[in-house]
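A closer look at the structure
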Amino acid sequence: MLDAKNIDMAAKPVSMGAITLVRHGEPALSRRVKLDWRGYVEWWAKYDQVGLLEGQTPPVILHKFAKEARYIYSSTLPRSIETAEAICDGKGFTSLEALIEAPLPPPHLPSFIKLTPNSYAWGFLARVCWWYLNIHGTSEGREVAKVRARRVAEFLFDKAREGGDVLVLAHGFFNLMVSIELKKMGYIKTLEEGFKYWGCRRYELRKRK
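Residues numbered from 1 in each chain as written. Predicted model: local features only at pLDDT ≥ 70, side-chain atom pairs only at ≥ 80, totals over all residues. Heavy atoms only, no water.

A word on the state of the cysteines
Taken as a whole and judged by the stated rule, the model has 0 disulfides. Note on Cys88: no disulfide assigned, nearest cysteine sulfur contributed by Cys200 at a separation of 14 Å. On the basis of relative accessible area, Cys88 is assigned to the buried category, the value being 5%. Taking relative accessible area as the criterion, Cys200 reaches 1% and is therefore assigned buried. (Disulfide = S-S within 2.5 Å. Buried < 20%, exposed > 50% of the residue type's maximum accessible area, 1.4 Å probe, protein only.)

Okay, structure coming up:
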């Protein structure tokens, strides 16, 4: 479904849908713990299995994007699916394994080093080592993930050029990787909310001023 395709950029129609990439809501798993690298691996495995923390209210703008979207996609992980359910108000969506988060395994530091799973601790180290040093063990490596991100971007492009908006409810780092590929394809970012829960990046094809 997501095989790479030859895209003729010159042949794209004048009007194309926007592509919005949204990070999931806050998962129901505490980050108020300190773990060695093995503990962080176990924590991440649980993170991939839990849904969203109860009591959250999605931003109103996401309901608007969902209502306007012709195509809506989530990853196959629970936190992504529940995010889609929270904002789609009963509207259908499709879950794709190609949208799951990059693995981002931690470096094997001495066991006496214990850090929290926060983005500025294990999260930061894992991302730096995976992205810049390509340390991935038996997990998906950086270059393989880049190919996946490119194929996803091409898939989203194909949907957007049918004339409707596309909404993706997935994960922070992999959304960033897809964003990089969309920019290479000529997309301009028109909304940026960073890596926060429920945060989104919106892209449109238009001429730079």
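Considerations on the environment of Pro107
Along the chain, Pro107 turns up in the loop between strand E3 (94–95) and helix H4 (122–132). Of the residues examined, Pro107 reaches a relative accessible area of 9% and is grouped as buried. Residues Pro107 and Arg38, spaced 69 residues apart in sequence, show a C-alpha to C-alpha distance of 9.7 Å. Once you skip the residues sitting within four places of it in the chain, Pro107 turns out to touch Trp37, Trp122, Leu125, Ala126 and Cys129. (Helix = DSSP H or I, 4+ residues; strand = E, 2+ residues; numbered from the N terminus. Contact = heavy atoms within 4.5 Å.)

What to know about the environment of Pro110
Counting through the fold element by element, Pro110 comes out in the loop between E3 and H4. Each C-alpha atom, one on Pro110 and one on Gly199, is 34 Å from the other, the two residues being 89 residues apart in sequence.

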